[in-house]
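Here are the chains, one letter per residue:
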Amino acid sequence: MRNGYLFAAYAATWIIHIVYLCTIVSRYSRVKREIADLKKPGVAS
Amino acid sequence: MRDDLPGMKKAFPILGVLTAILLSYALYESLVAAPTEQTMGDVQRIFYYHVPSAWTAFILFFVNFGASVFYLIKRNPAADIVALVSAEVGVVFCTVVLVTGPIWARPVWGIWWTWDMRLTSTLVLWLIYVSYLFLRRFSSSGQTPALAAALAVLGALCVPFVYFSIWFFRTQHPQPVMGGGGSIDPRMLHVLLINWLAFSCFAFLVCWSRYRLESLQREVDQAHALESLMDLRGGA
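Along each chain, residues carry numbers from 1 onward, in the same order as the chain's sequence is written. As a convention, the first chain written is A and the first ligand written is 1, with the rest following in written order. Only residues with pLDDT of at least 70 get local features here, since the model is predicted, and only at 80 or more are side-chain atom pairs given and counted; chain-wide, interface and lining totals rely on the full set of residues. The side-chain numbers reported here are obtained from all heavy atoms of the structure, hydrogens and water having been left aside.

### A look at the overall build of chain B
Going by this rule: A run of H or I in DSSP counts as a helix once it spans at least four residues, and a run of E counts as a strand once it spans at least two, with each numbered from the N terminus. Type-normalised accessible area, obtained with a 1.4 Å probe on protein chains alone, sets the label of each residue: buried when under 20%, exposed when over 50%, and partly exposed for intermediate values. Residue contacts follow a heavy-atom distance rule, with two residues in contact if any of their heavy atoms lie within 4.5 Å. Residue-level accessible areas treat just the shown protein chains as cover; the underlying method is Shrake-Rupley with a 1.4 Å probe. Residues scored as charged are limited to Lys and Arg (positive) and Asp and Glu (negative), so that His and the chain ends carry no count. By convention, the charge on Lys lies at NZ, on Arg at CZ, on Asp at CG and on Glu at CD.
Across its full length, chain B holds six helices and zero strands. Helices and strands in chain B line up, N terminus first, as α-α-α-α-α-α. Once the C-alpha set of chain B is aligned to its principal axes, its extents read approximately 80 × 40 × 30 Å. Relative to its full complement of 236 residues, chain B shows a buried share of 46%. Considering only intrachain contacts with a sequence separation of at least 6, the fraction spanning at least 24 residues in chain B is 74%. Carbon and sulfur atoms make up 69% of the accessible area of chain B, which totals about 12,000 Å². Across chain B, the 16 positively charged side chains and the 14 negatively charged ones have centroids separated by 4 Å.

Shown next as structure tokens:
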């Protein structure tokens, strides 16, 4: 049972980091899309 | 739009792979190589994630403090981005501290949480930096970076208070590993430092990515503002 706490702590740490990394990746793809839109001809950049 | 510097583009994946190897080695050291503590048993190994996360969060909050002071003096936009990024990643590491701490406390103290000075001050520190991020996220005033920098300077004053709270107050929290009169097995200290190095490299890479994202976002926002201005002029 005590090992359950150890597993929970390590898993929680990596879940927190992975969720944060996912938000960064999602924001990156949104910004990349916006950049692609801005680079389209006839749009100021 | 500005593209990445070629050196940065090459260095990032190499550093990413090295950090992944270091994190894997640190995980192996924490779970397998480190000796088992006699009274707490395996649950003590939570310490190898809890303490380095706390140190990394403190360092990031100090980076935030330095960048905020620099921004207040020079009004440098890069310093503003560094302040924002370090606060955001610092909050992530501080969240890890606040989650892993109670998971360790439950089997060792028999309770998840107690309103002791170290725990409460860490929670207050986390709330200060979360409010800093809310201010950055939801205020669009031109004065927001300066207001946030002022809040960051006040928030940074809380960091030494959190660290030294276990010296000044009677608390349930264990004494500091270094500089607090506590003693630690040299093999445990080695694993602790390996984990700290691994998490510091990881934090650096995350800050780097986040800095680049924030710079791009600001350029896109400027381009959109310019576009709107040109539309307005065209319509007039």
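Moving on from the coordinates now.
### Section: the interface of chain B and chain A
Filter applied, for reference: Throughout, the accessible surface (probe 1.4 Å) given up by two parts as they are put together, summed over both, is called the buried area. In what follows, salt bridge is the name for a side-chain nitrogen of Lys or Arg lying within 4 Å of a carboxyl oxygen of Asp or Glu. Counting of polar contacts relies on pairs of N or O atoms within 3.5 Å, with two restrictions inside protein: one atom must be capable of donating a hydrogen and the other of accepting it, and residues adjacent in sequence are counted only when both atoms are side-chain atoms.
With 39 residues of chain B in contact, the opposing surface of chain A contributes 26 residues. Here chain B packs against chain A, burying approximately 3,100 Å² in sum over the two surfaces, 73% of which is carbon and sulfur. The interface formed by chain B and chain A holds one salt bridge in total. Where chain B meets chain A, there are seven residue pairs in polar contact (both at pLDDT 80 or more).

### Quick look at a nonpolar patch on the surface
All names here are of chain B. Spelled out, the test is: Residues with no salt bridge and a relative accessible area higher than 30% make up the patches, which join like charges within 9 Å and nonpolar side chains (Val, Leu, Ile, Met, Phe, Trp, Tyr) within 5 Å.
Where nonpolar side chains cluster on the molecular surface, the patch consists of Ile14, Leu15, Val17, Leu18, Ile21 and Phe204 and spans about 580 Å² of accessible area. Residue contributions to the nonpolar patch peak at five residues, all from helix α1 (residues 6-33). Mapped onto the secondary structure, Ile14 falls in helix α1. In this structure Ile14 comes out as exposed when scored by relative accessible area, which is 54%.

### Quick word on the nonpolar core
This is how it is decided: To define a nonpolar core, start from buried Ala, Val, Leu, Ile, Met, Phe, Trp, Tyr and Cys residues and group those joined through side-chain atoms within 4.5 Å.
By size, the foremost hydrophobic cluster in this structure holds 67 residues, and its most contacted members are Tyr48, Phe61, Val89, Phe93 and Leu125 of chain B. Breaking this core down by element, the ones donating at least two residues are α1 (2-39) of chain A together with α1, α2 (47-74), α3 (77-109), α4 (117-138), α5 (144-168) and α6 (186-235) of chain B. Residues contacting Phe61 of chain B, with those up to four places away along its chain left out, are Ala87, Gly90, Val91, Cys94, Leu125, Tyr129 and Val159 of chain B.

### Structural notes on unusual backbone geometry
Residue and element names in this part refer to chain B. For Arg75, which is not glycine, the phi dihedral falls at a positive 55°. Locating Arg75 in the fold gives a position in the loop between α2 and α3. Residue class for Arg75 comes out partly exposed when judged on its relative accessible area of 46%.

### Quick word on the side chain of Asp80 of chain B
Residues and elements named next belong to chain B. Its place among the elements puts Asp80 in helix α3. For Asp80, a relative accessible area of 4% corresponds to the buried category. Contact partners of Asp80, with chain neighbours within four places excluded, come to Tyr71, Arg136, Pro145 and Arg218.

### Things to note about the packing of aromatic side chains
Here the distance between the centres and the angle between the planes together describe a pair of aromatic rings. The following threshold applies: For this analysis, a ring pair means two rings from Phe, Tyr or Trp (six-membered ring only for Trp) whose centres lie within 6.5 Å, classed as stacked if their planes differ by under 30 degrees, edge-to-face if by over 60, and tilted for the remaining angles.
All told, the structure shown has 16 aromatic pairs over all chains when counted by the stated rule. On the numbers, 5.0 Å between centres and 90° between planes, the contact of Tyr49 of chain B with Phe199 of chain B is edge-to-face. Highlighted residues: Tyr49 of chain B in helix α2 and Phe199 of chain B in helix α6, separated in sequence by 150 residues. Here Tyr49 of chain B matches Phe199 of chain B in class, with each residue buried. Here a set of aromatic residues connected by ring pairs shows up, and it is made of Tyr10 and Trp14 of chain A together with Tyr49, Phe93, Phe199 and Phe202 of chain B.

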